[in-house]
Amino acid sequence: MPLLKPDPTFYPSPRLAMQAPPEKHAFVAALNSPGSELNDALLVVDVDPESSTYGQRVGEVKMPEFGDELHHFGWNACSSALCPYAPHPHVERRYLVVPGLRSSRMHIIDTKPNPRRPKVVKVIEPEEIFARSNYSRPHTIHCGPEAIYVSALGAPNGDGPGGIFMLDCETFDILGQWEMNRGPQFLHYDFWWHLGFDTLLTSEWGTPNMIESGLQPDLLLGGKYGHQMHIWDLRRRRHVQALDLGNEQQMVLEMRPAHNPTKAYGFVGVVVSLKDLSASIWLWHRNNGTWDLKKVIEIPAEPADATNLPPMLKDFKAVPPLVSDINLSLDDKFLYVSCWGTGEFLQYDVSDPFSPKKTGSVRIGGIANRTPHPKNPKQPLAGGPQMVEVSRDGKRIYFTNSLYAAWDEQFYPDGVGSWMVKLDADQEGGITFDERFLLESSDYRVHQIRLEGGDSSSDSFCFP
Amino acid sequence: MNGLWPWLTLFGLGAFHGINPAMGWLFAVGLGLQEQKRAAVLRALPPIALGHALSIGIIIAAVLLARISVPPFALKIVAAAILFAFGLYRLFRSRHPNWVGMRVGFGDLTLWSFVMASAHGAGLMLIPLFLKSPPQTLAPQGGAMAVHMHPTHGLEFASFSAPSLLISAIAVHTLGYLLVTAVVAILVYERLGVGILRRAWFNVDVFWMLALMIAGLFILFL
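Residues numbered from 1 in each chain as written. Chains lettered and ligands numbered in written order. Predicted model: local features only at pLDDT ≥ 70, side-chain atom pairs only at ≥ 80, totals over all residues.

Quick notes on the overall build of chain B
- Each helix and strand in chain B was counted, giving eight helices and zero strands.
- A buried classification covers 41% of the 222 residues belonging to chain B.
- Once local pairs closer than 6 in sequence are excluded, the contacts in chain B between residues at least 24 apart make up 77%. (Helix = DSSP H or I, 4+ residues; strand = E, 2+ residues; numbered from the N terminus. Buried ≥ 20, exposed ≤ 12 C-beta atoms within 10 Å, placed from the backbone. Contact = placed C-beta atoms within 7 Å.)

Rendered as structure tokens:
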């Protein structure tokens, strides 16, 4: 039944969304560790500092089948429902759309009335996704102004091309492939858009066959993983421009466009450079009607003793930063960068997007360092900062430590562990650990986090 | 005075359509904010009004034509059924239009406004005003095309031939619509800000669809 007033978690602009009340719950994708017989689950974590169960798991819902590998997920509806060209703000932000990256099965999970007791209310089987979209391995979810957009890494047989398909935001029916003309695009990973410019952007990782059995060194050294981003006409669903970062820039992953719809720029992270194992952040921006790229941050590899390194890295005697996720605060001021390899987590002031300034850094885990958390300073931690989420007001940062099951083992062969932590962010710059918040799990690995009511990567806005 | 009521009703329904954020003022505000120019708000108004006028104009023209060839009783039943069914369907299946795009020109905006008005049944809401044929015996001028003012009903148009009635009706309705659209758009752009959407965007669709269903029933008793 439609609401009589807009869902209170919808905000016309990112500026207004920053005034949202602090979140009380976080939903976390939890996947079984290799060898485990547990079905994957969505965990509910208490993030209300006033609560007696702060920083603990307070609920979970198990997936109906084994082996989904939950990864990324998103809401059925968000602030984009207020967009003026397709307004429907009387729907509820209520359901989480949770794909299994390995199984291609999608789950619709109801988070109401009790967010601590979420329920699976609909399952879309892989065969239906294959038949209706000709895609598989659904991944990123964004609630668009007129439908839910889902990225998919490949075709049903595990090759390319990957792309985007659409879901109806009320019935969750699959509406089919999004692309009308994909041009040269073949590899796929993340996507997002500039709604004010009718522009959609996609990035490149690899086809399912290139990633599912682990990172393949021959493909990597041959520069075969993704190294481009693509610009699309959102309205006409046509490929417009390919931007090549260069063969040596391997794996172009998370895309964070400016939240302000009048700004035509954004940031994308590159996992590793074949030249020197560095990682980098690139700025895309509109320049006289076409789009340009510029590398604005480079994070060098760190020398390390070969005895502390997994077989894959021993010869290099260095730890690559492996930037796997980035996130941008709703005021477009701070960019957060996860270095899953070195275990560093960075904050940059990107008020001037062309020249970011480093304003904060903490360390936890890391391939060579194994830095402990301040709550338990004697216990070394495996894994590193990975999926990061920023609260709407920009004051709290949450992140987890697992990357992708098959790849975790290659970089952390003695076990990646499982933890989620929280940082407090100074609005003038600077980040510190919340010493009360270290959630470790012995049963699941943890991946993407979504905050109740929305966060800094869940909503799109049509008003500045 | 009775002769004014149908015109005021048309004007008032225009205002009612105009106040709905989904009917155009919000898009005008969005375009203004995107370009950070008040001129962009104003530039959006003519095509938005034109699209709306076309949408309701087609429905009025259809009714005036039907009035010539369809027996009054049958017309009444069909119109009542259409209004009621449309209202009921939209009440329970609130599909929103699949329009995509903020970079719109005059033609796009006209089409968008036409689609939005049509999808919401804006023209349907006006049907009851145009159903009543002039009493045959009293038609003073122009035969069946003229509409006579009936002493017991307020909602009839006096002494108009169909083409001029069509043009005048579109003009009066669209004027009411445009005035409210323009005033709300400027007010929100200049003063109130889009934050007001969170507090004041009542689900007018629900009332709108109920109004259509009530109008459908009302027709039966005309």
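Comments concerning the overall build of chain A
- The secondary structure content of chain A amounts to five helices and 30 strands.
- For chain A, whose C-alpha radius of gyration is 20 Å, the value lies close to the compact-globule estimate of 23 Å for 464 residues.
- In terms of its C-alpha atoms, chain A occupies a principal-axis envelope of roughly 60 × 55 × 45 Å.
- Taken over 464 residues, chain A has a buried fraction of 57%. (Rg over C-alpha atoms; globule rule 2.2 N^0.38 Å.)

Quick notes on the sheet that holds strand β10 (residues 163-167) of chain A
Residue and element names in this part refer to chain A.
- The strand order across the open sheet formed by four strands is β8-β9-β10-β11, and the pairing between neighbours is antiparallel. On the outer flanks of this sheet lie β8 (136-143) and β11 (174-177), each paired with one strand and no other. Strand-to-strand twist in this sheet, taken as the mean axis angle between neighbours without regard to direction, amounts to 30 degrees.
- Two elements, β8 and strand β9 (residues 148-154), share five bridges in a ladder whose sense is antiparallel. Counterpart to C143 in the pairing with β9 is I148.
- Relative to the sheet, helix α2 (residues 126-133) contacts β8, β9, β10 and β11, its axis offset from that of β11 by approximately 50 degrees. (Pairing = 2+ DSSP bridges. Axes fitted to C-alpha atoms, helices over the stretch in contact; angles between N-to-C directions.)

Some remarks on the sheet that holds strand β28 (residues 419-425) of chain A
Residue and element names in this part refer to chain A.
- Overall, antiparallel pairing links the four strands, which are arranged β26-β27-β28-β29 in an open sheet. Looking along the sheet, the strands with just one partner apiece sit at the ends: β26 (388-390) and β29 (431-440). Between one strand axis and the next, the sheet turns through 20 degrees on average, direction left out of account.

Quick word on unusual backbone geometry
Residues and elements named next belong to chain A.
- Looking along the chain, the bond that leaves K112 and enters P113 is cis, with omega of 5 degrees.
- Along the chain, the position of P113 falls in the loop between β6 (106-110) and β7 (119-124).
- Note that the residue after G160, namely P161, is joined by a cis bond; omega there is -5 degrees.
- As for its placement among the helices and strands, P161 is situated in the loop between β9 and β10.
- The backbone of D332 shows a phi angle near 60 degrees, a positive value even though the residue is not glycine.

So, helix α6 (residues 162-192) of chain B
- The end-to-end C-alpha distance of α6 of chain B, which contains 31 residues, comes to 42 Å, matching closely the 45 Å that a straight helix rising 1.5 Å per residue would cover.
- After α6 of chain B finishes, the residue G193 of chain B shows a positive phi value of roughly 80 degrees. (Expected span 1.5 Å × (residues − 1).)

A word on the interface of chain B and chain A
- Across the contact, 26 residues belong to chain B and 29 residues belong to chain A.
- Elements with a minimum of two residues in the side of chain B that touches chain A: α2 (25-35) and α7 (196-200) of chain B.
- Sorting elements by how many residues they give to the side of chain B that touches chain A places α2 of chain B first, with five residues.
- Within the side of chain B that touches chain A, the residues separate by chemical class into 15 nonpolar, nine polar and two charged. (Nonpolar A, V, L, I, M, F, W, Y, C, P; charged D, E, K, R; others polar.)

Considering the pairing of β9 of chain A
- In terms of burial, β9 of chain A is a largely internal element, seven of the seven residues being buried.
- Linking β8 of chain A back to β9 of chain A in an antiparallel pair, the connection comprises four residues.

Overview of the packing of helix α4 (residues 72-92) of chain B against helix α8 (residues 204-220) of chain B
Residue and element names in this part refer to chain B.
- For the pair α4 and α8, the least separation of the axes is 8 Å and the interaxial angle reads 160 degrees. Relative to α8, the element α4 is oriented roughly antiparallel. Along this stretch, α4 crosses α8, giving a crossing that reads as left-handed. For the pair α4 and α8, the contacting residues are K76, A79, A80, L83, F84, F86, G87, L88, R90 and L91 in the first and V206, M209, L210, L212, M213, A215, G216, L217, I219 and L220 in the second.
- Of the residues belonging to the contact of α4 with α8, the class tally is 16 nonpolar, two polar and two charged. (Parallel < 35°, antiparallel > 145°, perpendicular 65-115°, else oblique. Left-handed = near helix turned anticlockwise from the far one by under 90°.)

Regarding the nonpolar core
- Core analysis: the largest hydrophobic core is formed by 198 residues, its most contacted members being V28, A30 and L42 of chain A together with V29 and L126 of chain B.
- Broken down by element, this core gets its largest block of residues, twelve residues, from α6 of chain B.
- Ignoring sequence-local partners within four residues, the contact set of A30 of chain A consists of D40, A41, L42, L43, L70, Y444, R445 and V446 of chain A. (Core = buried A, V, L, I, M, F, W, Y, C linked by C-beta atoms within 7 Å.)

Describing the confidence of the model for chain B
All names here are of chain B.
- For chain B, per-residue confidence averages 85 on the pLDDT scale, and 85% of positions sit at 70 or higher.
- Least confident of the elements in chain B is α8, whose mean pLDDT is 86; most confident is α2, at 97.
- A low-confidence stretch, residues 135-154 stays under pLDDT 50, and its non-local contacts, those more than four residues away or across chains, total 35 contacts.
- For this predicted complex, the interface score ipTM comes out at 0.92, while the overall pTM is 0.94. (pLDDT = per-residue confidence, 0-100.)

Some thoughts on the pairing of strand β14 (residues 228-233) of chain A
All names here are of chain A.
- Counting buried residues in β14 gives five out of six residues, a clear majority hidden from the surface.
- As paired strands, strand β13 (residues 199-203) and β14 are joined by five bridges and run antiparallel to one another. Residue pairing for β14: S203 is matched across the bridge by M229.
- Pairing analysis gives six bridges linking β14 to strand β15 (residues 238-244), with the strands arranged antiparallel. Residue pairing for β15: W232 is matched across the bridge by H239.

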